[in-house]
Amino acid sequence: MRIELTAEQMKLQEEFSSFVCNEIMPYAGQNDRDECTPGSMIEKIAQKGYLGAMLPTEYGGLEYDNITLGLLNEEFGKGCSSARSLLTVHGMVALAILRWGTEEQKHNWLPKLAKGECVAAFALTEPNVGSDAKSIETTAVLSGSNYVINGKKKWITMGQVADLFLLFAQYEGKPTAFLVEKNFPGFSVKPIKGLMGAKASMIAELTLEDCVVPAENLVGKEGTGLSHVALYSLDYGRYTIAWGCVGAGQACVDESIKYARRRKQFGVALRQHQLIQKMITEMVVEVKAARMLCYNAGSLKDCGDPDSIMETWVAKYFASKMIGKVAGDAVQIHGANGFSSEYPVERHFRDAKMSEIIEGTSQMHEVLIAVNAFRNI
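Presented here is an overview of the structure given in this document. All values derive from a computational prediction rather than experimental measurement. (Residues numbered from 1 in each chain as written. Predicted model: local features only at pLDDT ≥ 70, side-chain atom pairs only at ≥ 80, totals over all residues. Heavy atoms only, no water.)

**Some words on the state of the cysteines**
Throughout this description, disulfide means a covalent bond between two cysteine sulfur atoms. To keep things clear, this is the line we draw: The rule for a disulfide is simple: a pair of cysteine sulfur atoms within 2.5 Å. Relative accessibility decides the category of a residue: with a 1.4 Å probe and only protein chains considered, values under 20% of the type maximum give buried, values over 50% give exposed, and everything between is partly exposed.
Going through the model one piece at a time under the given rule, you end up with zero disulfides. Just so you know, Cys211 is unpaired, no disulfide at all, and the nearest cysteine sulfur is the one on Cys118, 16 Å from it. Looking at Cys211, the relative accessible area reads 0%, which means it is buried.

So, in structure tokens, the structure goes:
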């Protein structure tokens, strides 16, 4: 496999980098401390069209190919994992509507999502249900021309600011997907604060108490919520998270190199100590390896190869493990300064662990990758 970016992709990569350096990175530390992604930042991201990067131009999107989408998420990952998570969950909902929504749902929601006129969030996880998604406890009952939904959702990224939720509930014992608007009666949002990482992701708990959802807000068919809608969305989520890990890893490498050049110990710069060189070498190689796995998954997606699904699992698994180690090494290189919020590696280190949990834990990835490997021998 040979990966070469086109002239257009390289131009867009520079654009993404410039935007992140000017509009995301300088504010990431304060946003982390405030546990908030300001509306003004979301508006700037929307103005660039990045919230519709994955959508066709007919709906007002940018219609980026998968490699370009990866580059966008890598650059956002360098600046702020929380801001990158907005691209992920918003895109997951938009693509679910594009793939499984009715024509009316597409024409009503996709232009708004592409322009950022509304923010979307993915609501699957519950207080008692994580990896075992088929066992969700939220229920939906058909009553005339509406569904009445009861239950709770937890750890919902961007749940504090989202206008639209792709929400999953059991209908007649089968997981089913619905579009739920924040202003529906019986729907409420509770912010979740005090997280270890991803503190600016605006994570929330959702409560539905006899929440009335119009029947036309059903996404796909009854009972296909997990097998079709969620799995399609989660594939995109894993792909963007993997690229985000690459970006965060590259940021850790860059910060560590800058620090090792100016910091002196025993009369010489850290960069001259062989053990520091070894750490930097391993960090560089692991980031490059993760990036190549992401390129592989993206190129397979762009040519419609069904193997892209498993290769995305592989990329997300490796990249999320990688960022934990690389961020840890970056803190080690910074020494006591690595514990200070004055240095971005401290935030990257805290954010890193989240990547091994969201959109499939590392353990779930290990099970599925192993099963696939045995199947192919």
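**Remarks on the pairing of strand S5 (residues 174-181)**
For the record, the criterion: Runs of E in the DSSP output that reach at least two residues are strands. Runs of H or I that reach at least four are helices, and both are numbered from the N terminus. The rule for pairing is simple: two strands pair if DSSP sees at least two bridges between them.
Among the eight residues of S5, six are classified as buried, and the element is accordingly described as predominantly covered. Pairing of strand S4 (residues 164-171) with S5, which is carried by eight bridges, proceeds in the antiparallel orientation. Within the sheet, the bridge partner assigned to Ala169 lies in S5 and is Thr176. What sits between S4 and S5 in their antiparallel hairpin is a turn of two residues, with Glu172 showing a positive phi close to 55 degrees. Looking at chain direction, S5 and strand S8 (residues 218-219) are connected through two bridges and run antiparallel.

**Looking at the packing of helix H8 (residues 308-334) against helix H9 (residues 344-355)**
Here is the rule we go by: What counts as an axis is a line fitted to C-alpha atoms, over the stretch in contact for a helix, and the angles between N-to-C directions run from 0 to 180 degrees. Oblique is the label for every angle not falling under 35 degrees (roughly parallel), over 145 degrees (roughly antiparallel), or within 65 to 115 degrees (roughly perpendicular). Should the near helix be turned counterclockwise from the far one by less than a right angle, the crossing is left-handed, whereas a clockwise turn marks it as right-handed. What makes two residues a contact is simply this: any of their non-hydrogen atoms within 4.5 Å. All residues other than Ala, Val, Leu, Ile, Met, Phe, Trp, Tyr, Cys, Pro, Asp, Glu, Lys and Arg, Gly among them, are scored as polar; the first ten of these are nonpolar and the last four charged.
Contact geometry of H8 with H9 gives a least axis separation of 9 Å together with a crossing angle of 155 degrees. As the angle between them shows, H8 and H9 are arranged roughly antiparallel. Of the two elements, H8 crosses H9, and the hand of that crossing is left-handed. Contacts from Lys316, Ser320, Ile323, Gly324, Ala327, Gly328, Ala330, Val331 and His334 in H8 reach Val345, His348, Phe349, Ala352 and Ser355 in H9. The class makeup of the residues in the contact of H8 with H9 is seven nonpolar, six polar and one charged.

**A closer look at the nonpolar core**
In plain terms, the rule: Buried Ala, Val, Leu, Ile, Met, Phe, Trp, Tyr and Cys residues that are joined via side-chain atoms within 4.5 Å together make up what is termed a nonpolar core.
Core analysis: the largest hydrophobic core is formed by 112 residues, its most contacted members being Ile45, Phe76 and Leu166. The element contributing the most residues to this core is helix H6 (residues 225-262), with 16 residues.

**What to know about helix H7 (residues 274-302)**
To keep things clear, this is the line we draw: For a helix, the expected span equals 1.5 Å multiplied by the number of residues minus one.
Spanning 29 residues, H7 covers 42 Å between terminal C-alpha atoms, matching the ideal 42 Å at 1.5 Å per step. Immediately beyond the C-terminal end of H7, within one or two residues, lies Gly304, with a positive phi of roughly 75 degrees.

**Details of the pattern of salt bridges**
To keep it simple, the criterion reads: The salt bridge definition used is simple: a Lys or Arg side-chain nitrogen within 4 Å of an Asp or Glu carboxyl oxygen.
What the rule picks out here adds up to 18 salt bridges. A salt bridge links Glu15 to Lys48; the nearest nitrogen and oxygen atoms lie 3.9 Å apart. Here Glu15, found in helix H1 (residues 7-34), pairs with Lys48, found in the loop between helix H2 (39-47) and helix H3 (66-79); they are 33 residues apart in sequence, far enough to count as distant. With a relative accessible area of 30%, Glu15 lands in the partly exposed category. The class for Lys48 is partly exposed, based on a relative accessible area of 36%.

**What to know about helix H4 (residues 81-100)**
Given a rise of 1.5 Å per residue, 20 residues ought to cover 28 Å, and the 28 Å separating the end C-alpha atoms of H4 matches this to within 8%. Burial within H4 is extensive, with 17 of its 20 residues counted as buried.

**Details of the packing of H3 against H6**
Put simply, H3 and H6 touch, their axes get as near as 7 Å, and they point 45 degrees apart. In terms of orientation, H3 lies oblique with respect to H6. In the packing of H3 onto H6, the handedness of the crossing is right-handed. Side by side, H3 and H6 meet where Asn66, Ile67, Leu69, Gly70, Leu71, Asn73, Glu74, Gly77 and Lys78 of the first sit next to Tyr236, Tyr239, Thr240, Trp243, Gly244, Val246, Gly247, Ala248, Gln250 and Ala251 of the second. Its residues assigned to classes, the contact of H3 with H6 shows nine nonpolar, eight polar and two charged.

**A closer look at unusual backbone geometry**
For Glu172, which is not a glycine, the phi torsion comes out positive at approximately 55 degrees. Relative to the assigned elements, Glu172 resides in the loop between S4 and S5. Even without being glycine, Asp210 reaches a positive phi, approximately 50 degrees. If you trace the backbone, Asp210 turns up in strand S7 (residues 204-214).

Bear in mind that shape data such as this cannot, by itself, settle questions of function.
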